[in-house]
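Summary of the model geometry
Below are the chains, spelled out letter by letter.
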Number of protein chains: 2
Amino acid sequence: MTDPIDLGAFLRQRGHRLTNPRRLVWDVLGAARGHLTAEQIATRVGRRDSRINLASIYRSLTLFAELGLARESILGTDGAGRWEVAHPDDEFHLICGRCGDVQHHGGDLVEQVRSHLGNYHAFKAATIELSVTGLCSSCVV
Amino acid sequence: MTDPIDLGAFLRQRGHRLTNPRRLVWDVLGAARGHLTAEQIATRVGRRDSRINLASIYRSLTLFAELGLARESILGTDGAGRWEVAHPDDEFHLICGRCGDVQHHGGDLVEQVRSHLGNYHAFKAATIELSVTGLCSSCVV
DNA sequence: TAGTAATTGCAAACAGTTCGCAATTACTAT
DNA sequence: ATAGTAATTGCGAACTGTTTGCAATTACTA
Ligand SMILES: [Mn+2]
Ligand SMILES: [Mn+2]
Ligand SMILES: [Zn+2]
Ligand SMILES: [Zn+2]
């Protein structure tokens, strides 16, 4: 399912070190099915090594995001960031307003937006954030 | 340009009162060309009535959002909310990563997303948040 | 194995926003 | 116009999520 990336090699190649916090954060992200808040990640990491600080969780996540390994999205009504292993942004988020479920939706819609803007509006899109809130199929009446 | 809505009547009709904070926040939002943070709104409101508190700004904005009069978006890299007079969500945000400019982009793209999800994926979209970061035409090299 | 810079844990700071509560105010009904 | 009443305000303090400075620790390199 997930590409078995060698985190140590990947990090070292870019001048970073493989540390316990980083390894554990990465493991937790990989094992999670969905999106996790930093707090949730900290809890899970803490079960494996209780010494690891929340600040280090944030630092790991920030680094992973810079390296393109992880991705943060603001999904809830609270402004909290939710993290996951990176997926391309043409896979977007469907957030059910009733049950809170978040699903991914792939397809060429986002790509259409990108090329439309590029071709007709001279806007060179870097990241496209698309998230849709509504009612999922099991919550529609 | 802007519909001359009668704020007092509008509010009273829904059981709210027209107060000074609300009137001034509404004026500021209407007069602004772009998106303002609560802090920016507070500054501008404060020039007209320095007694008005930041908390009241937030309370006014929250109320306006609930009534569909105003709209909050998270546009920058900081998590700060930016406010403006409501516009339909099929007008989305183009954020230039270099100069910080935010423009609106209308069109049927968002509507396509909505009907695609509805027709083929049984997902009843309520709000669609689409924002694109990249380089605006004057910042592309 | 030792040397060195990167990284950590901790606590404190921070930004943006919300909340409790007594005082004030806008509306309603006389 | 006035008084009554509930909605709203200002104020400060609390809160949430995140970041930062710094001394102590640790991962890598040689
Ligand atoms: Mn996702
Ligand atoms: Mn806008
Ligand atoms: Zn649902
Ligand atoms: Zn620009």
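Summarised in this report is the structure supplied together with it.

What follows covers the protein's contact with DNA strand D. As a structural note, the neighbourhood of DNA strand D is formed by 20 residues, with A:Tyr58, B:Thr19, B:Arg22, B:Ser56 and B:Arg59 the closest of them. When atoms of DNA strand D within 4 Å of the protein are sorted by moiety, sugar and phosphate together comprise 65%. With respect to DNA strand D, the backbone of A:Gly81 contributes an N or O atom lying 3.2 Å from a phosphate oxygen. Within the backbone of B:Asn53, one N or O atom sits 3.2 Å away from a phosphate oxygen of DNA strand D. Residue assignment for the surface near DNA strand D shows that the elements contributing at least two residues are α4 (54-66) of chain A together with α2 (20-31) and α4 (54-66) of chain B. Top element by residues in the surface near DNA strand D is α4(A). It accounts for 4 residues. In terms of residue class, the surface near DNA strand D is built from 7 nonpolar, 5 polar and 8 charged.

With that settled, consider the coordination of the manganese ion (ligand 1). All names here are of chain A. Coordination sphere of the manganese ion (ligand 1), protein contribution only: His-35 (NE2), Glu-84 (OE), Glu-84 (OE), His-87 (NE2), His-93 (NE2) and His-104 (NE2), at 2.0 to 2.5 Å. In this structure, the manganese ion (ligand 1) is coordinated by 6 donor atoms arranged in irregular fashion, with angles at the metal of 57 to 168 degrees. All donor residues of the manganese ion (ligand 1) come from one chain, and their arrangement in sequence is H-x48-E-x2-H-x5-H-x10-H. Taken as a pair, His-35 in the loop between α2 (20-31) and β1 (36-37) and His-93 in strand β4 (residues 92-96) lie far apart in primary sequence, 58 residues in all. Overall, the relative accessible area of 13% leaves His-35 in the buried class.

Residues and elements named next belong to chain A. In space, the 3 strands of this open sheet follow the order β1-β3-β2, with antiparallel pairing throughout. The sheet is open, and its two borders are formed by β1 and β2 (70-74), each paired with just one other strand. Direction of pairing for β1 relative to strand β3 (residues 81-85): antiparallel, over a ladder of 2 bridges. Residue pairing across strands places Leu-36 opposite Trp-83, the latter belonging to β3.

Now for the relation of the copies chain B and chain A. These two copies of the chain differ by a rotation about an axis and a displacement along the same axis. Placing chain B over chain A gives an RMSD of 0.1 Å and needs a rotation angle of 180 degrees, together with 0.0 Å of translation along the axis. The operation mapping one copy onto its partner corresponds to a two-fold rotation axis. Across chain B, the smallest distance between a C-alpha and the rotation axis is recorded for B:Leu130, namely 2.2 Å. When the interface residues of chain B are mapped onto chain A, 100% of them again fall at the interface, so both copies present the same face.

As a further point, take the protein's contact with DNA strand C. Lining the immediate surroundings of DNA strand C are 20 residues, of which A:Thr19, A:Arg22, A:Ser56, A:Arg59 and B:Tyr58 lie closest. Near the protein, within 4 Å, the atoms of DNA strand C are sugar or phosphate in 66% of cases. The separation between a base nitrogen of DNA strand C and a polar side-chain atom of A:Arg59 is 2.7 Å. Taken together, the elements giving at least two residues each to the surface near DNA strand C come down to α2 and α4 of chain A together with α4 of chain B. When residues of the surface near DNA strand C are assigned to their parent elements, the largest contribution, 4 residues, is made by α4(B). For the surface near DNA strand C, the class distribution of residues is 7 nonpolar, 5 polar and 8 charged.

What follows is about the interface of chain B and chain A. At the junction of the two partners, chain B supplies 29 residues and chain A supplies 29 residues. For the chain B and chain A pair, buried surface summed over both sides reaches about 2,300 Å², with 69% attributable to carbon and sulfur atoms. Summed over the shared surface of chain B and chain A, the result is 0 salt bridges. One can count 10 residue pairs in polar contact (both at pLDDT 80 or more) joining chain B with chain A. Of all the secondary structure elements, the ones that give two or more residues to the side of chain B that touches chain A are β4 (92-96), β5 (102-105), α5 (109-121) and β6 (124-135) of chain B. By residue number, the principal contributor to the side of chain B that touches chain A is β6(B), which donates 12 residues. In terms of residue class, the side of chain B that touches chain A is built from 17 nonpolar, 10 polar and 2 charged. Relative to β6(B), strand β6 (residues 124-135) of chain A runs antiparallel, the two sharing 11 bridges. Bridge pairing in β6(B) places A:Ser131 opposite B:Glu129.

What counts, and where the lines are drawn
- Residues numbered from 1 in each chain as written.
- Chains lettered and ligands numbered in written order.
- Predicted model: local features only at pLDDT ≥ 70, side-chain atom pairs only at ≥ 80, totals over all residues.
- Heavy atoms only, no water.
- Near = heavy atom within 4 Å.
- Polar contact = N/O pair within 3.5 Å; in protein donor to acceptor, adjacent residues only side chain to side chain.
- Helix = DSSP H or I, 4+ residues; strand = E, 2+ residues; numbered from the N terminus.
- Nonpolar A, V, L, I, M, F, W, Y, C, P; charged D, E, K, R; others polar.
- Donors = N, O, S within 2.8 Å, 3.2 Å for Na, K, Ca; no water.
- Tetrahedral: all angles 85-135°; square planar, octahedral: opposite > 155°, others 65-115°.
- Buried < 20%, exposed > 50% of the residue type's maximum accessible area, 1.4 Å probe, protein only.
- Pairing = 2+ DSSP bridges.
- Least-squares fit on C-alpha atoms with pLDDT ≥ 70 in both.
- Contact = heavy atoms within 4.5 Å.
- Buried area = accessible area lost by both parts, 1.4 Å probe.
- Salt bridge = Lys/Arg side-chain N within 4 Å of Asp/Glu carboxyl O.

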